[in-house]
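Given next are the chains, with one letter for each unit.
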Amino acid sequence: MISVTMTVNGKPVSGAVEGRTLLVDFLRETAGLTGTHVGCDTSQCGACTIHVNGRAVKSCTMLAAEADGAEIATIEGMANPDGSLGVIQAAFKEHHGLQCGFCTPGMVMSAASLLAENRNPSEAEIREYLEGNICRCTGYHNIVKAIQAAAAQLG
Amino acid sequence: MPADGGIGASTRRREDVRFLTGKGQYTDDINIRGQAYVHFLRSDIAHGKINNIDTSDAENMPGVIRIFTSKDFEGVGGVPCGWQVTDRFGQPMQEPKHPVLAEGKVRHVGEPIAAVVAETREQARDAAEAIIVDIEELPAVIDMKAALQDGATKVHDDLTGNLCFDWGFVEENREAVDEAIRNAAHVTTLELTNNRLVANPMEPRVAIGDYDAARDEHTLYTTSQNPHVIRLLMGAFVLGIPENKLRVIAPDVGGGFGTKIFHYQEEAFCTFAAKAVNRPVKWTSSRSEAFMSDAHGRDHVTKIELALDENGKFLAVRTDTYANMGAYLSTFAPSVPTWLHGTLMAGNYTTPLVYVNVKAVFTNTVPVDAYRGAGRPEATFQLERVIDKAARELGIDPIELRRRNFIQPDQYPYATPVALEYDTGNYPATMDKLVEIADIKGFAARKAESESRGKKRGLGIAHYIEACGIAPSNLVGQLGARAGLYESATVRVNPTGGLVVMTGSHSHGQGHETTFPQVVAEMIGIDAGMVEIVHGDTANTPMGMGTYGSRSIAVGGSAIVRATEKIIAKARKIAAHLLEASDEDIELKDGQFTVKGTDKSVAWGDVCLAAYVPHNYPLEDLEPGLEETAFYDPANFVYPAGAYACEVEVDPETGKVEIMSFCAADDFGNIINPMIVEGQVHGGLAQGIGQALLEHCVYDENGQLVSGSYMDYAMPRADDLPSFVTDTSCQTPCTHNPLGVKGCGEAGAIGAPPAVVNAVVDALADMGVTHIDMPLTPARVWSAIQAAK
């Protein structure tokens, strides 16, 4: 077993993991943060997208041991300090950018990463950026609208 | 309307807050103290005889608690089929046993052979790899027509062959249809396939069995669209557990699309094993397992003929379909190619004669069952494709040909020749709306512009109708359903006036927690925020049939209306007592009971309090309390319909298809929450476009699943799809349910595939292309262009 410590949503989390333990499993099982979801086993669906040291990463593509010492952000850390929805989360609600909610945490994390890189993305740029996140419910229409609205609000 | 949204308001969804903050509770998020993990050893061949299963090495692996094979399930039932089809000759379908773990033979890649229960997921998986299975491989039966040939290998040795049933509908019309086709001025024939699909809700299936020995009670947590149905099927037919000892909980469920209707072996296994090892037992499907164990969808091979007179009036439709059942009959599989398909073959049209023949075939593939639309997409695709082909052959505009044959608004109720009675509709109106929103007049200019860039542009039209809001129980009972299809609701009013609605419907993305309170709030005149929805747990909801077949608002919503009406009737009596007036003189408006024509009134909350603190209360006439239950069984299906237009650009050099626009004009009757309804249309369109352009579940000739992951099965991604133009302003309210609503969940998936394919064929028509089978991948389109040269 390997001992790892990382900062998750601003708080230190430690645990002993097997070499093969995926970061997503560490977050869900050791850190108890079940908002990050597993939708596939080939790193295609993006439901497990989180931020590692500020960059969007599919947490099924990383071993927990590789994240030792990293700064991690998950969907549980995206709300405002008072618990209200952050700008991107609120835009998803306002524009009906989610239905079953399973892909949603990954979508929000990818959207946050996109808007950090590109404050004013076009529809085509949003659609291209979301290639790594599969949604089966919404047809993406309202997800795109939500991200456009969040971009406008964030200026 | 209540300030926070009643009927007709696009109220934002209350459930979103938990989903957007990572606080949803999906089945895999549930962990029970002391739980063990199961891993299924699944067949990696399509067909074989099991000679021996040696678990001795595996049993000694670290963490292994117990290994199960079919020997442990002697005396346990198979997973049942919930629908019996009777064939053309009056005989019941062939119905093989579907064991929890493979008995003697494996019949498809992915069939569970053994199950390891261990302390950790990894230990269970490691031990499964150490099980030695001696299997004698047999020839696999994959192609349906080959499966029906004399001498074909049998999927089930104890059946007469691979034909499950040969169904004819309407059998009495068979000869009349043949004659009409023989004598018609024009007959258009089309052979096509409806491609095999995998539903792929983003949440893979999960099951957790828990057994309380002290109480002799079983609990199953599962990713289901209908927990009561699972409790009934598993309890009564597989494990022999009475309902009072079996609780089924389907918490937040991450999409269903049909494939989470069915009762699966893994649910029965975890329930059974939890008692056997006296530990909670959890199984979480990987996506790879999902591809080879979730029931698949569609997979029809069809020849359709449309007979027309010299004026383009439809005279008769005849269709011959081969429908793949896979290796076993999944829960509702036999209903899909028969009653959910044959009854739609009149479409929106006055075609007087229809005959549908369906041969359902067993093959060595995963079972095939309902997937979004279930039978209705198969019917609509062939009908709307053959109409388009006929229009081209006859030189009639495809919109005009449809208009000539539409059932007219003054013809309702309209009895079709295929057993349905459409209660209402207005197809000319939806077509008019489509012509407007899709700017059909501007198409020629857009086509010229595309051609100036070397691209071929096409316009595809489809007009669908579907029968949903499934379904009148007495009717489906006659047609072979082994269950009723009512819905239930209990409305519990709390002493200070808030309400809890316990519904048998199940939300797995549809937004019931928002929509249903809008209905109740409107009826009483209180804020929707005073109404909570409880669903998904058999312990605290009345027996219900769940969510599929676009039935939640039409059937479940109607049950809520009926229960709320009972509440209001009783509350009115209490108010009359408090106001010292007669019941008939009491009006309810904006949450106030008022004596007609006076200013005497009492508030909703005061009446509720009186019901639970009955100090001043007519106890001699009325029980205390305010809680009512209703079961609603619909009088008919509901019949949403709509006109869809797709415009594509095809690159003739590469065969790549790009969707330039997609417009949908739907008639869903009255609408409770337009935002949610539009979202449902978007999702259906995406799945329909996915079927038309991208998705294809492929087996090779040996029965290996070639498209077994997201690397091989093309799911629609954001940059594969356009933004959609939707319109729901054409509204002919349903005449037989209290809300005047129709279903909207499946519409897009039904109407989109023919619109897309018609568009591509239109684009390539001048090159001689008349049909391309879905999915219209660049390779297929390019090949069709080359073949037509």
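Residues numbered from 1 in each chain as written. Chains lettered and ligands numbered in written order. Predicted model: local features only at pLDDT ≥ 70, side-chain atom pairs only at ≥ 80, totals over all residues. Heavy atoms only, no water.

**Q** Mind showing me how you'd approach the nonpolar core here?
**A** In a soluble, globular protein the nonpolar side chains are often hidden away together inside. Ranked by size, the top nonpolar core spans 185 residues in total, and within it Phe92(A), Tyr422(B) and Phe662(B) carry the most contacts. Here the element with the most residues in this core is helix H18 (residues 747-764) of chain B; it accounts for eleven residues. Aside from chain neighbours lying at most four places away, what touches Phe92(A) is Gly97(A), Leu98(A), Met107(A), Val108(A), Ala111(A), Ile143(A), Ala146(A), Ile147(A) and Leu20(B). Ranked by size, the runner-up nonpolar core spans 47 residues in total, among them Cys468(B), Phe593(B), Tyr632(B) and Leu739(B). (Core = buried A, V, L, I, M, F, W, Y, C linked by side-chain atoms within 4.5 Å. Buried < 20%, exposed > 50% of the residue type's maximum accessible area, 1.4 Å probe, protein only. Helix = DSSP H or I, 4+ residues; strand = E, 2+ residues; numbered from the N terminus. Contact = heavy atoms within 4.5 Å.)

**Q** Looking at this structure, I do not really get the side chain of Lys570(B). What am I missing?
**A** All names here are of chain B. Secondary-structure assignment places Lys-570 in helix H15 (residues 552-579). The side chain of Lys-570 sits in the buried core without any salt bridge; Glu-628 is the nearest counter-charge, 4.9 Å away. Polar side-chain contacts of Lys-570 include one of 2.7 Å to the backbone oxygen of Gly-625. Residue contacts for Lys-570: discarding those within four places in its chain leaves Tyr-617, Leu-622, Glu-623, Pro-624, Gly-625, Leu-626 and Glu-628. (Lys, Arg positive; Asp, Glu negative; His and termini not counted. Salt bridge = Lys/Arg side-chain N within 4 Å of Asp/Glu carboxyl O. Polar contact = N/O pair within 3.5 Å; in protein donor to acceptor, adjacent residues only side chain to side chain.)

**Q** Even after reading the chapter, I still don't get the interface of chain B and chain A, so can you show me in this structure?
**A** Accessible area lost when the parts come together is the quantity often used to give the size of an interface. Taken together, the contacts link 53 residues of chain B with 47 residues of chain A. In total, chain B and chain A occlude about 4,300 Å² of area from one another, counting both sides; carbon and sulfur atoms represent 54% of this. When residues of chain B are sorted by the area they lose upon contact with chain A, Leu20(B), Met202(B) and Arg717(B) head the list and together hold 18% of the total. The interface formed by chain B and chain A holds seven salt bridges in total. Arg28(A) serves as the salt-bridge partner of Asp29(B), at 2.7 Å between the closest nitrogen and oxygen. Our enumeration of links across chain B and chain A arrives at 30 residue pairs in polar contact (both at pLDDT 80 or more). Listing elements by their share of the side of chain B that touches chain A, those giving two or more residues are helix H1 (16-20), helix H3 (121-129), helix H8 (287-293) and helix H17 (674-693) of chain B. The element contributing the most residues to the side of chain B that touches chain A is H17(B), with eight residues. Tallied by class, the residues present in the side of chain B that touches chain A amount to 23 nonpolar, 16 polar and 14 charged. (Buried area = accessible area lost by both parts, 1.4 Å probe. Nonpolar A, V, L, I, M, F, W, Y, C, P; charged D, E, K, R; others polar.)

**Q** What is the right way to look at unusual backbone geometry in this model?
**A** Excluding glycine, a negative phi dihedral is what most residues carry, and trans is how most peptide bonds are arranged. All names here are of chain B. For the peptide bond that leads from Phe-169 to Val-170, omega is 0°, which places it in the cis range. Looking at where Val-170 falls in the secondary structure, it is placed in the loop between strand E7 (163-169) and helix H5 (174-183). The residue after Tyr-412, namely Pro-413, is reached through a cis peptide bond having omega -5°. Mapped onto the elements, Pro-413 comes out in the loop between helix H10 (398-405) and strand E16 (414-415). You will see that Asn-200, though not glycine, has its phi angle at about 55°, which is positive. Topologically, Asn-200 is positioned in the loop between strand E8 (186-197) and strand E9 (206-212). Owing to a relative accessible area of 2%, Asn-200 belongs among the buried residues under this scheme.

**Q** Please clarify how the domain arrangement of chain A should be interpreted in this entry.
**A** Residue and element names in this part refer to chain A. For chain A, the assigned domains read domain 1 (2-77) and domain 2 (87-154). Relative placement of domain 1 and domain 2: their C-alpha centres are 21 Å apart. Each partner contributes residues to the interface: domain 1 has 16 residues there, and domain 2 has 13 residues. When the two sides are added together, the surface that domain 1 and domain 2 hide from each other amounts to roughly 1,100 Å², 62% of it contributed by carbon and sulfur. (Domains from an automatic or database assignment.)

**Q** Is there a simple way to explain the sheet that holds strand E5 (residues 71-73) of chain A in this structure?
**A** Note: strands within a sheet are paired through backbone hydrogen bonds, in either parallel or antiparallel orientation. Residue and element names in this part refer to chain A. The five strands are arranged E2-E1-E5-E3-E4 in an open sheet whose pairing can be described as mixed. The two strands at the open ends of the sheet, each matched to only one other strand, are strand E2 (11-17) and strand E4 (55-58). Taken pair by pair, the neighbouring strands of this sheet meet at an average axis angle of 40°, ignoring direction. Most of the contacts of helix H1 (residues 23-30) go to E2, to which it runs at about 110°, and overall it touches strand E1 (2-8), E2, strand E3 (49-52) and E5. Packing of helix H3 (residues 104-117) onto the sheet brings it into contact with E3, E4 and E5, and relative to E3 it is tilted by some 40°. (Pairing = 2+ DSSP bridges. Axes fitted to C-alpha atoms, helices over the stretch in contact; angles between N-to-C directions.)

**Q** Could you clarify how one ought to interpret the packing of aromatic side chains in this entry?
**A** All names here are of chain B. Here the structure, examined in full by the defined rule, presents 26 aromatic pairs over all chains. Plain terms: the ring middles of Phe-314 and Tyr-349 are 5.4 Å apart, the flat faces sit at 70° to each other, and that makes the pair edge-to-face. Note that Phe-314 is positioned in strand E14 (residues 314-326) and Tyr-349 in the loop between E14 and strand E15 (353-362), a separation of 35 residues in sequence. Tyr-349 matches Phe-314 in its accessibility class, with the two residues each being buried. Note on Tyr-644 and Phe-662: the rings are 5.8 Å apart at their centroids and 75° apart in plane angle, and the pair reads as edge-to-face. (Phe/Tyr/Trp six-rings, centres within 6.5 Å; stacked < 30°, edge-to-face > 60°.)

**Q** Which parts of the structure should I look at to understand the domain arrangement of chain B?
**A** Residues and elements named next belong to chain B. Under the domain assignment, chain B is made up of domain 1 (16-23 + 486-632), domain 2 (31-138 + 202-255 + 260-293) and domain 3 (297-471 + 636-788). Computed over C-alpha atoms only, the centres of domain 1 and domain 3 are separated by 39 Å. If you look at the interface, domain 1 gives 18 residues, while domain 3 gives 21 residues. Buried surface at the junction of domain 1 and domain 3, both sides included, amounts to about 1,400 Å², of which 61% is carbon and sulfur. The interface formed by domain 1 and domain 3 holds zero salt bridges in total. Summed over the shared surface of domain 1 and domain 3, the number is eight residue pairs in polar contact (both at pLDDT 80 or more). Of all elements in the fold, only helix H14 (512-524) and H15 reach the threshold of two or more residues within the side of domain 1 that touches domain 3.

**Q** Help me out: how do you make sense of the packing of helix H9 (residues 376-394) of chain B against H18(B) in this one?
**A** A packed helix pair is summarised by two numbers, namely the angle formed by the two axes and the spacing between the axes. Residue and element names in this part refer to chain B. The N-to-C vectors of H9 and H18 enclose an angle of 30°; their axes lie 8 Å apart at closest approach. Relative to H18, H9 is oriented roughly parallel. Crossing handedness for the pair H9 and H18: right-handed. Where H9 approaches H18, its residues Arg-376, Pro-377, Thr-380, Phe-381, Glu-384, Arg-385, Asp-388 and Arg-392 are matched on the opposing element by Ala-749, Ile-750, Pro-753, Pro-754, Val-757, Asn-758, Val-761 and Asp-762. (Parallel < 35°, antiparallel > 145°, perpendicular 65-115°, else oblique. Left-handed = near helix turned anticlockwise from the far one by under 90°.)

**Q** Sorry if this is basic, but what is going on with the sheet that holds E9(B) here?
**A** All names here are of chain B. Spatially, E3-E5-E1-E12-E9-E10-E11 is the arrangement adopted by the seven strands of the open sheet, whose pairing is mixed. At either margin of the open sheet sits one strand with a lone partner, and together these are strand E3 (64-68) and strand E11 (246-249). Ignoring strand direction, the axes of neighbouring strands in this sheet form an average angle of 20°. Pairing of E3 with strand E5 (residues 112-118), which is carried by four bridges, proceeds in the antiparallel orientation.

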